[in-house]
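Survey of secondary and tertiary structure
Chain residues, written in single-letter form:
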Amino acid sequence: MDDRSTVVDMEASRPVTAGPLLVNSEDVRPSSVDSYSVAGVPYAPFSITPENGTVAAGKILSLCIKFSPLDVNDYEARLICSIPNLEPGAHGPVIGVRARSLMPYCHFELEDSDYLRTARRNLELPGPGGLPAGTTLDPNTRVIEFKTVGVGVKCRKQFSIINPTNQNYTYQWTCRDLPNSKKISEFTCLTSHGSISSGKKSDILFEFVSSSLNLVESFWKFEIPEQNIVLPFLLVGQANDPSIAFDRSHLNFRCVLIEHKSVETITMTNEESEAFEFSFDEASCQLASFTAQLVIKPKQGIIQPKSRLPVEIHFSPKLEKEVNFNIVCNVKRKTFPLTLNVKAEGFSMNSLVLCEDSSGIKKEMSNISTNTIKFGHVEINEKAVQNISILNLGKFSFDYAWELKDQASSTVSSPHGTVFISPQSGSVGQGENVTCLLSFLPPRMMTLRNCELLLRIAHGPTYSMQLQGVGILPGIHFSFVNYNFGASFVYHPGMPTRSTVLKLTNNDSKNISVECISAPNVWLHHNFEAVVIAPHQSHDVTFTFYPREPIRYKETVTFEINGLSRQTVEFVGQGAEMKVEIADARQKVVKYGALRVGSTLKKVVPIVNNSLAPVTFRLSLNPTSAALQEPGVVKFTPTEDITLQPKGGTTKVEVTISPKSRITHFTEEVQLECAGVYQTLFIITGSCQGMEIALNADSVPFGAVVLKSSSSRQLVMTNSGDIGARFKWDVSHLGPHFSISPTDGYISSGMEVMFDVVFHPQEISADIRIDNLTCQIEGGNPLKLVITGTCVGIPPMKEICHFSTSVRQKETRNLQLANHTNLAWNLRPIIDGEQWRGPEAIHVPPQTTKTYELTYHPLTMTLEGKKHTGSIFFPLPDGTGLMFNLSGTAEPPKPNEKINRDVPCKTTYTEMLRVQNWLKKPQRFRAKIENVRSDKFDQSLTIKGLDYIDVPGLSTKDYKLVFHALKECQPQIKVTFTNEQTSEYQYFELYFRAIRPGVISSVQLSTPIRQSKQHTLMLENPLNNAVTFSASCNIPEIQIPSQLSVPALSEGAFTFEFFPLKVGTTQGKLEFSSTDLGLYIYDLEAKATPAGPERALHFKTCLGTSQTLYAKFLNYTKHKTDYTCKVDHSDYHVDKSIAATSAPISGTEVSVEVTYEPSCVGESQANLTASSPLGGDYSFPIFGVCTLPKPQGPFTIKSGSSVNITFRNVFGQTTAYTFQVDNPLFHVAKPSENIRAHKEYRIIVGFDGNDGPSKAPVMGKLTVSCAHSAGSTGATQWVYYLKGVTPDGK
């Protein structure tokens, strides 16, 4: 059978009138009323509990019916039970109820007690009048309960007696307890008798004075003699010990350092609703021997109701021992005092300090007197060490620290930088040993006195140590520490040098190592290597002076001794130029004029030494003219070594010239030779006039000439002498084959005469020659000439071989030589024309055809309409020959080289052009740089080189062409090198491509996120006009101005800003572009470091409530974004995502709502993080303080109604809660409930109404508690104050 749910309704069949409870059932007087109403309001005097519920299958439910009449009358009612899940047609039970109310003789306005009804009374207590225990009490016994907190407390109860009759009567209270002379009764009736008028009431006052914590009963009777009414009363007194206690029963200070104070705090808790006085027993706070005591603050006072009072306990030990206190705290009205057991132990720092010197001898340091530590004699920069050991002989670790004091003394050097202790501080564990290193390192000669070293043991003794020591120099002697080389000539290889020897002597009794840490340089050289010098031994070091310039030299050479100290030696010297000069500057050039052959001329030249040093030298003259090199032509004295003193030493030089033949104008140098160095002193010039006539060639070869034809050659006679002369050829020796013209004449000085020599052979001959053809010269030696030629027969006509090529380029043609004979040909071709070249000989086997390679290599261009002509003749063994006529055209040259180069902008590039000289003599070329594509160069383009270049004969030389472009371009350059005398030229074609420039430099920026970092770059404008730069950067966090204008020939400052939003390092490019100057590229490394936390949020609320604050920050992202919010603590709650709109440069404010709903009492910390892929990360520290729940209310409830009080489970798990009210006029629907985590529950609290005639508000309290909560050692309670209101008329 299913469970049944029942609802009971009550119907009243007739009205009732409420009346007081019948006191005596013997005499009752019913009265009749017409309806069930009070003050016109219908009511039912019956009630049933429970009013609804569920009856499980097979179970029995007991119901309680209560009759509460408000008037004297007879009452009838029906109890109707509604059961909704009965079978169809079935009805619930209906029970009829009848009752009668009676009017009493007196009415007590006294709160009803369930002391007897609920069997709370102990049956072992005696009955009234000394009746034995277990005696049944009169069921009409009324109970008056007294409750007190503490012993000796008075408690009074006052109530009223109403006389509802129409007669006056008297009353009397009588105690029915057995008299006890040893015990004073706890109960007293202060109004033991009196009278009550009809319809009036009288106040009754009882007093209870508690004497113990036991429950006390007293039996009394109430009598109305006129009506013979007796009513028994039971007075019950209960004294409860005040709920005041310490939060702990014992306290342990553990170990406390002697003479140091330790403070602990305990808490005194008052759970009562009234204040209590307390005081601590002074004697319990100190030991009997007064060796230790406790100080308590406060010693006495008042603890307020429902409060907690902190009490400080101070302990400062004087001896190293354990102590035990039993503190007594007397609380007024409390039966027994509060006690607290306190334990503590005093201890001291027990240390031992030992000092060990270099010989291993240990010495114990005293903390009472001053200790002395002696280092003895220590070499400068040598370290003397002593070990100081610190031993911990106590029970606990201690810290130590060293302190060095320099006591004032005029004869003492400051020890700072001289004395060192390591480590300077530290900690020594129990039973451990720490060694400190004390070092004395004198940097110079010094005496260490009055230097105090202190060792301070934390909370322990202090050790004082006086340090003594002497810093001494090493025992090595330097023969000098300063040396002056004096003035020396600037050194050249081969010159004598100046040297000195430094002697190092060891005067000590031990070996000394010496090392030179100064390396030799170009002007001061030494060969010193590290050496160990034995005692009383020496070592020599040679220093050599090599002055390189005429300046004063100064060098400090440092020697390191024993690797500790250093000794410096200073060297100075003066470099001097060799200034041996002519005393009279006008004789710098000695002129001999025009001499005659056979004459003699002597010149005297005085010379002076203006140098800073003496000089020894020898004079020398090496004439370049062959005539001057003949013996006896040039003589000079003195010929031996000459020594001149510095600053004015003089001597005379005699030079004599006696020419023996014509000497052209000469210029010769008389040089000073000193140690391989040559210096020109003076110059001699002059000439010797005479005749000098010569031919440009000693022979004229004609080669092969066809019979009956002629060939001519030119011969040049040159008179390079000073005198003209007549000439005449001996034509008688020419014969029929040769002729020359002119045959005689006059040739002046410096002139040339052209002779035409003609070969016109008259007969075929392989060798026609004239040897030693003579030309007579007037007054001079005759000239000789050899003329040769070959006469061949007329060869068959051949076509002309035509050649065409660019000047200085080669073109080769093949000539076919056919040998139809049976003899081999060994031919030696004869080439006429300097532009053609070929093999000197060729072998043609019989009956074969051989190819002869002829090369046309013109060195000069042919003029328009003209060609180079020539011929090649192959004389054959049979006396015939093969003749080829040659014709060549030399076109303008082709470029020496076509060069293509890619050059980054803003980079200077040098191109080396190899210029050729095709002649045997030097040539000077003028360089011309042209822009092929335009008339002039752009101002952003620079191409330059030298105007001229000299190239030696038959060689090449590099020409430096400098190219620099500011912006990207592709110029085509032509560089022409022209010989201005011959108009021959060569040129280069260059194709430059100025490409995108490389990185100029790198810029590194670093700043925390959301903080600005500025950087300035200087951009130079080298042009004569203003330029405008536009800027761009591929790093979004870089904020840059779009343009910058820079005036002509100046610099502009370009400032940009790095404003990152996210942590990280970004690599990028910063580019500046200009139409005039091109592109400037910078590498940019922007590093964003994490920012500090934002402003912290501080929460403070009580358990069970929540608090909301807003975390605000500035969003700088330029795009709409969402921030993801996270909190690393479950007590704090935020939205998962917060939307942020696009922000201007100054940023927009974003608020994040943070709710703190604590789940435990105490302090908590958390961190809120707001993250966005665009806006970066923000961090907010959060601090929360949760206190115990505070009472809430009051919640007003009208009589007969209820309210819903919302309660939230703040814990992270389902928790069982109980609901209790402290006033029976209030009730809750359910006494307990399991509430899920972080869910709300509505507690239904009802108010039954005030039963008495007073309609004053009724106060109550709802307590919600759970067994245990996080962060609390006991149960946690939430208190809600209730206020019951009964409207008038009810």
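Computed from a prediction, not measured in an experiment: that's the story for all the values here.

Details of unusual backbone geometry
- Residue Pro-638 is bonded to the preceding Thr-637 through a cis peptide linkage, with omega at 0 degrees.
- Along the polypeptide, Pro-638 turns up in the loop between strand E50 (634–637) and strand E51 (642–644).
- The peptide bond linking Ser-741 to Pro-742 adopts the cis configuration, its omega dihedral lying at -10 degrees.
- The backbone of Lys-906 shows a phi angle near 65 degrees, a positive value even though the residue is not glycine.
- With respect to the helices and strands, Lys-906 occurs in the loop between strand E73 (898–904) and strand E74 (909–916).
- Here the phi dihedral of Ser-983 falls at roughly 65 degrees; this positive angle occurs in a residue that is not glycine.
- Inspection of the secondary structure puts Ser-983 in the loop between strand E79 (972–978) and strand E80 (985–995).

Structural notes on the sheet that holds strand E10 (residues 142–149)
- Pairing is mixed across the open sheet formed by five strands, whose spatial order is E10-E17-E16-E12-E14. For this open sheet the edge positions go to E10 and strand E14 (193–196), each flanked by a neighbour on one side alone. Each neighbouring strand pair of the sheet contributes to a mean axis angle of 25 degrees, computed without reference to strand direction.
- Looking at chain direction, strand E12 (residues 169–175) and E14 are connected through four bridges and run antiparallel. The residue of E14 that forms the bridge with Gln-172 is His-193.

Looking at the nonpolar core
- Membership of the largest hydrophobic core comes to 46 residues, with the highest contact counts inside it found for Val-1154, Tyr-1217, Leu-1262, Val-1264 and Trp-1278.
- Leave out the neighbours within four places in its chain, and Val-1264 touches Phe-1207, Tyr-1217, Thr-1218, Phe-1219, Ile-1243, Thr-1276, Gln-1277, Trp-1278 and Tyr-1280.
- With 38 residues, the next largest nonpolar core counts Met-495, Ala-627, Val-670 and Ile-684 among its residues.

Side note on the pattern of salt bridges
- Taken as a whole, this structure holds 34 salt bridges when the rule is applied.
- As a salt-bridge pair, Asp-771 and Arg-769 come within 3.4 Å of each other at their nearest N and O atoms.
- You can call Arg-769 partly exposed: its relative accessible area is 43%.
- The partner of Arg-914 in a salt bridge is Asp-958, with the nearest N and O atoms 3.4 Å apart.

Let's talk about the packing of aromatic side chains
- Tallied over the entire structure, the rule returns 66 aromatic pairs.
- With centroids separated by 5.1 Å and ring planes inclined at 80 degrees, the aromatic side chains of Phe-108 and Phe-222 adopt a geometry described as edge-to-face. Placement of Phe-108 in strand E9 (residues 107–109) and of Phe-222 in strand E16 (residues 216–224) is noted, with a sequence separation of 114 residues between them. Considered together, Phe-108 and Phe-222 belong to a single accessibility category, that of buried residues.
- Their ring planes at 90 degrees and their centres at 5.1 Å tell us that Trp-173 and Phe-206 sit as a pair that is edge-to-face. On the criterion of sequence distance, the pair formed by Trp-173 in strand E12 and Phe-206 in strand E15 (residues 201–209) is long-range, its members being 33 residues apart.
- Put simply, the rings of Phe-108, Phe-159, Tyr-171, Trp-173, Phe-206, Trp-220, Phe-222 and Phe-233 touch in pairs and so form one group of aromatic residues.
- Directly above the aromatic system of Trp-918 lies the positively charged group of Arg-808, at a separation of 3.7 Å from the ring centroid.

What counts and what doesn't
- Residues numbered from 1 in each chain as written.
- Predicted model: local features only at pLDDT ≥ 70, side-chain atom pairs only at ≥ 80, totals over all residues.
- Heavy atoms only, no water.
- Helix = DSSP H or I, 4+ residues; strand = E, 2+ residues; numbered from the N terminus.
- Pairing = 2+ DSSP bridges.
- Axes fitted to C-alpha atoms, helices over the stretch in contact; angles between N-to-C directions.
- Core = buried A, V, L, I, M, F, W, Y, C linked by side-chain atoms within 4.5 Å.
- Buried < 20%, exposed > 50% of the residue type's maximum accessible area, 1.4 Å probe, protein only.
- Contact = heavy atoms within 4.5 Å.
- Salt bridge = Lys/Arg side-chain N within 4 Å of Asp/Glu carboxyl O.
- Phe/Tyr/Trp six-rings, centres within 6.5 Å; stacked < 30°, edge-to-face > 60°.
- Lys NZ or Arg CZ within 6 Å of the ring centre and 35° of its normal.

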